[in-house]
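Next come the chains, spelled out residue by residue.
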Amino acid sequence: MNDAYLGIDIGSISTKGVIIDKDNKIITSLYIWTEGNPVKAVTKLVNKLKEQLPSNYIIKGIGTTGSARKLIGLLLDANVVKNEITSHAVGTLSLYPNVKTILEIGGQDSKIILINNGIITDYAMNTLCAAGTGSFLSSQAKRLGVDINDFSEYALKSCNPVKIAARCTVFAESDLIHKAQSGYQKEDIIAGLCKSIVLNYLNNVGKGKKIMGPIVFQGGVSKNKGVVKYFKEVLKKDIIVDQNSHLLGALGIAILSKKYQINKTYNLDINSISFETKPMECMGCSNNCEILRIYKNGKMIDAWGNRCNKVIKL
Amino acid sequence: MDKVISFPKLDNYDIPAFYVLSHISSLKIIKPSKITSKTIELGSKYSPEFVCTPFKYTLGTFIESIEKGANTLIQFGGGCRYGYYGELQEQILKDLDYPITLDSLIIGGKTDIKRIIKIMKSYDPSIKLFKSIYYTLIGIQMIKYMDRIDDYIRLNIGFEINKDSFINLKEEMLNDFSHAKGLINLHRLYRKYYKRFKKIPINKPKDCLKIGIIGELYTLMEPSSNYEIEKDLASHHIQIKRYTNVSYLLLKKRKLVKKYLKKLKNIKYRMGADAVDNIYHTKELCKKHYDGIIHIKSSFCTPEIAVMPIINKIAKENNVPVIFFSFDTNTSEVGIKTRLEAFYDMLEMRKYNE
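Residues numbered from 1 in each chain as written. Chains lettered and ligands numbered in written order. Predicted model: local features only at pLDDT ≥ 70, side-chain atom pairs only at ≥ 80, totals over all residues. Heavy atoms only, no water.

Engineer: I would appreciate a short explanation of the overall build of chain A in the present structure.
Structural biologist: A tally of regular secondary structure across chain A gives 9 helices and 13 strands. Principal-axis analysis of the C-alpha atoms gives chain A an extent of 60 × 50 × 35 Å. Buried positions account for 51% of the 314 residues belonging to chain A. The contacts of chain A with a sequence gap of at least 6 include a subset with a gap of at least 24, amounting to 62%. (Helix = DSSP H or I, 4+ residues; strand = E, 2+ residues; numbered from the N terminus. Buried < 20%, exposed > 50% of the residue type's maximum accessible area, 1.4 Å probe, protein only. Contact = heavy atoms within 4.5 Å.)

Structure representation (structure tokens):
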């Protein structure tokens, strides 16, 4: 039997899972939509990964990252639950040990990570607004009636991308409508959109950061060739986009779960677990904390959201 | 109408304030209640949207106190926009048809003792000057002791062996302090608790992570306004350094800022509030080889916005990571926690992998 480690990155838009062997090589991976229900998405993901996994592997560690990391960590009894920044850095470093800058644009957040000699030295994340991220792109694609998968194609066709104000999603959207209504071509608007993502990213997230090569671009948006093209154009540097650029966070957390394994085997039998969350408003004081109680197989295993030390009863 | 006094809430400093007021006068005093989400909701409902958060928090506290019967409010005032809070809050409360009066202790950035005595006399003519001085001294001493104990707690709370042992003992201490019988009794209590704090078992490694937190004073000192950032740091086993506390602001700041201005050659003006202090403290934290700096402020805090680039530059020159947070009444807590966690991870990687 060979050891394998599962890493799951549950983002706002998509859920990514990879299973690696002890040499950090990806055995199998999957990318599905979260669709607003992380528990359901992960159940689907784990079942599919289990099918794909050759029978001579046994799972020795599980790690979770992404915005639903805590919840799914409880569901799967993960041995490592870590934030996205660390996971992305670890994942990328395992493939590109010399990387100096990681650009990451995901569904709802975007970040920049600066690395020196394999150590994170600085990072920044977008400030709590989803301007210039994947969810903005996909909502605009819907508005323009273009499938998000064809976005790259359109963007690369354009010769004169239109200028779109990229500071704020709402302004960008009204700018975009204005350009469309005044008769600009669809491909020029899409190219302008891709360029605006790049400019917004560099002005907000990358502000004041020294971007040095080698640069790796990852996250869901890195699959968009238009954005990659404009990153190259604006930074005047080469940009590496890994073929698994959308999976690097999940890869990172899988590696971390290998590093911190606790001599436990997981059977990935997710269907037999009943998992439930019950919200509740505490009436202990006027703060009225919103408490979320988590039940696994009928037993409360955790409760979040209370500010004081009052014990929460079942 | 009988005067019923109340004042804003700032961490546990309402204990010495209540102590002094209740000993020097026979006035009825309403202790400000703990800041809860209801306080914040009330405060932000009646505040201008782009005012800094302390305004909203203190206004919410005032409304809660008024509903309990308070009609005479005391606001502190200070060296930035805080100096105008009193007048504006009074107007807002009067517009809401609350029959109140509101006085600011500090006006135009100056603490005029004579004026404060006059205000107190107008509340209660029977207040005796000598008694007031004596109890004010006890109050100041109490603040000093509380801050000293807090400094010790910040150094060690992340490494306690029994969970909550520091917080529980602190609660016990504050309760005893509020019943102190005089200056000597207070000193004895302090000695007793200081020894007990020293006895709390800790497991502190020599090379633990050390983080300094600086920024705007209210956000720093009131835990409910910074999402209990110190608690979060402690839960990650980090030693915390914070310069700003009331005894610093009350007793040391005036002298020290002059010294800081002399030492900081590039800075000629005070820039309001704690701007100069924060720049100097950044330098000091870098010099003392702290692993990281967290700068927090309430949104729209102008003095702190002005110092951010300077702090960034100093930290970069010294190769110390710094992270900035702006807190508003509706900041998402999860977002803050993610960024903080990544910050700790980065500091750990930098410290132990080199």
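Engineer: What is the right way to look at the sheet that holds strand β11 (residues 275-281) of chain A in this model?
Structural biologist: Pairing between the strands of a sheet is mediated by backbone hydrogen bonds and can be parallel or antiparallel. Residues and elements named next belong to chain A. What the 3 strands build is an open sheet, ordered β11-β12-β13; its pairing is antiparallel. At either end of the open sheet lies a strand with only one pairing partner, and these are β11 and β13 (299-304). Between one strand axis and the next, the sheet turns by 25° as a mean value, whatever way the strands run. Note that β11 and strand β12 (residues 290-296) share 7 bridges and pair antiparallel. Within β12, the position partnered with glutamate 276 by the bridge is tyrosine 295. Against the sheet, helix α2 (residues 69-76) makes contact with β11, β12 and β13, and its axis sits at roughly 165° relative to β13, the strand it touches most. (Pairing = 2+ DSSP bridges. Axes fitted to C-alpha atoms, helices over the stretch in contact; angles between N-to-C directions.)

Engineer: In this structure, what is going on with the packing of helix α4 (residues 134-144) of chain A against helix α6 (residues 169-181) of chain A? I would like to understand it.
Structural biologist: Helix-helix packing is described using two parameters, namely the angle between the two axes and the distance between the axes. Residue and element names in this part refer to chain A. Taken N-terminus to C-terminus, the directions of α4 and α6 make an angle of 25°; their axes are 12 Å apart at the nearest point. Considering their axes alone, α4 and α6 lie roughly parallel with respect to each other. Remark: the crossing between α4 and α6 carries right-handed chirality. From α4, Phe136, Gln140, Arg143 and Leu144 reach across to α6, where they touch Thr169, Ala172, Glu173, Leu176 and Ile177. Here the residues of the contact of α4 with α6 sort into 5 nonpolar, 2 polar and 2 charged. (Parallel < 35°, antiparallel > 145°, perpendicular 65-115°, else oblique. Left-handed = near helix turned anticlockwise from the far one by under 90°. Nonpolar A, V, L, I, M, F, W, Y, C, P; charged D, E, K, R; others polar.)

Engineer: Hey, could you run me through helix α1 (residues 14-24) of chain B in this one?
Structural biologist: What sets the pattern is the α-helix's 3.6 residues per turn: residues three or four places apart point alike. What α1(B) keeps buried is the set Asp14(B), Ile15(B), Pro16(B), Tyr19(B), Val20(B), Leu21(B) and Ile24(B). Looking at the buried side of α1(B), the elements it contacts are β1 (4-6), β2 (28-29), α5 (113-123), α6 (129-156) and α7 (165-177) of chain B.

Engineer: Got a minute to help me understand the interface of chain B and chain A in this structure?
Structural biologist: Interfaces are often sized by the accessible area lost when the parts come together. Listed per partner, the contact involves 25 residues of chain B and 23 residues of chain A. Between chain B and chain A, roughly 2,100 Å² of surface is buried when both sides are summed, and carbon and sulfur atoms account for 49% of that area. Viewed at the interface, chain A and chain B are joined by 2 salt bridges. We note a salt bridge from Glu341(B) to Arg69(A), for which the minimum N-O separation is 3.5 Å. Summed over the shared surface of chain B and chain A, the number is 9 residue pairs in polar contact (both at pLDDT 80 or more). Put simply, the parts of the chain that give the side of chain B that touches chain A at least two residues each are α2 (37-46) and α14 (333-352) of chain B. (Buried area = accessible area lost by both parts, 1.4 Å probe. Salt bridge = Lys/Arg side-chain N within 4 Å of Asp/Glu carboxyl O. Polar contact = N/O pair within 3.5 Å; in protein donor to acceptor, adjacent residues only side chain to side chain.)

Engineer: Can you walk me through the pairing of strand β9 (residues 292-298) of chain B in this structure?
Structural biologist: On any regular strand, side chains alternate: one points to one face of the sheet, the next to the other face. Residues and elements named next belong to chain B. Most of β9 is tucked away: 7 of the 7 residues are buried. As defined by bridge partners, strand β7 (residues 209-215) adjoins β9 across 5 bridges and the pair is classed as parallel. Bridging from a neighbouring strand, isoleucine 214 pairs with histidine 295 of β9. In this sheet, strand β10 (residues 322-327) lies alongside β9 in parallel orientation, the contact comprising 6 bridges. Looking at β10, one finds that histidine 295 is bridged to phenylalanine 324. For the handedness criterion, the β-α-β arrangement of β9, helix α13 (residues 302-317) and β10 is classed as right-handed. (Right-handed = clockwise from strand over helix to strand, strands pointing away.)

Engineer: Just checking my understanding: could you explain the nonpolar core for this structure?
Structural biologist: Within the largest apolar cluster, 65 residues are counted, with the highest numbers of intra-cluster contacts made by Leu73(B), Leu93(B), Phe177(B) and Phe197(B). At 9 residues, the largest contribution of residues to this core is made by α6(B). For Phe197(B), the contacting residues outside a window of four places in its chain are Ile149(B), Tyr152(B), Ile153(B), Phe166(B), Leu169(B), Lys170(B) and Met173(B). Core analysis: the second largest hydrophobic core is formed by 36 residues, Ala141(A), Ile215(A), Val227(A) and Ile239(A) among them. (Core = buried A, V, L, I, M, F, W, Y, C linked by side-chain atoms within 4.5 Å.)

Engineer: Would you mind showing me how to read the packing of α2(B) against helix α3 (residues 53-67) of chain B here?
Structural biologist: Residues and elements named next belong to chain B. Two elements in contact, α2 and α3, have axes separated by 7 Å at closest approach and are oriented at 105°. On the basis of their axis angle, the class for α2 and α3 is roughly perpendicular. On α3, the residues that touch Lys38, Thr39, Ile40, Leu42, Gly43, Ser44 and Tyr46 of α2 are Lys56, Tyr57, Leu59, Gly60, Thr61, Ile63 and Glu64. For the contact of α2 with α3, a count of residues per class yields 6 nonpolar, 5 polar and 3 charged.

Engineer: For this particular structure, what's the right way to read the packing of aromatic side chains?
Structural biologist: The description of two aromatic rings rests on the distance between their centres and on the angle between their planes. Following the criterion strictly, the structure yields 17 aromatic pairs over all chains and no others. Between the aromatic rings of Tyr152(B) and Phe166(B), the centroid separation amounts to 6.4 Å while the plane-to-plane angle is 50°, which identifies the pairing as tilted. Here Tyr152(B) is found in helix α6, whereas its partner Phe166(B) is found in helix α7, with 14 residues between them in sequence. Neither Tyr152(B) nor Phe166(B) differs from the other in exposure class; each is buried. With a centroid separation of 6.0 Å and 15° between ring planes, the pair formed by Phe325(B) and Phe327(B) is classed as stacked. Assessed through its relative accessible area of 6%, Phe325(B) is described here as buried. Counting every residue linked through ring pairs, the aromatic cluster contains Tyr145(B), Tyr152(B), Phe166(B), Tyr190(B), Tyr194(B) and Phe197(B). Directly above the aromatic system of Tyr154(A) lies the positively charged group of Lys157(A), at a separation of 4.9 Å from the ring centroid. Seen from the ring of Tyr243(B), Lys241(B) lies directly overhead, with NZ or CZ sitting 4.8 Å from the centre. (Phe/Tyr/Trp six-rings, centres within 6.5 Å; stacked < 30°, edge-to-face > 60°. Lys NZ or Arg CZ within 6 Å of the ring centre and 35° of its normal.)

Engineer: I would appreciate a short explanation of the domain arrangement of chain B in the present structure.
Structural biologist: All names here are of chain B. Domain parsing of chain B yields domain 1 (4-127), domain 2 (137-203) and domain 3 (205-354). The centre of domain 1, based on its C-alpha atoms, is set 27 Å off from the matching centre of domain 2. In this complex, domain 1 contributes 6 residues to the contact, which on the side of domain 2 involves 13 residues. Of all residues in domain 1, Tyr13, Ile15 and Tyr19 give up the largest surface area on contact with domain 2, accounting jointly for 62% of the area buried on that side. Linking domain 1 with domain 2 are 0 salt bridges, by the criterion used here. Counting across the domain 1 and domain 2 interface gives 2 residue pairs in polar contact (both at pLDDT 80 or more). Of the residues contributing to the side of domain 1 that touches domain 2, the split by class is 5 nonpolar, 1 polar and no charged. (Domains from an automatic or database assignment.)

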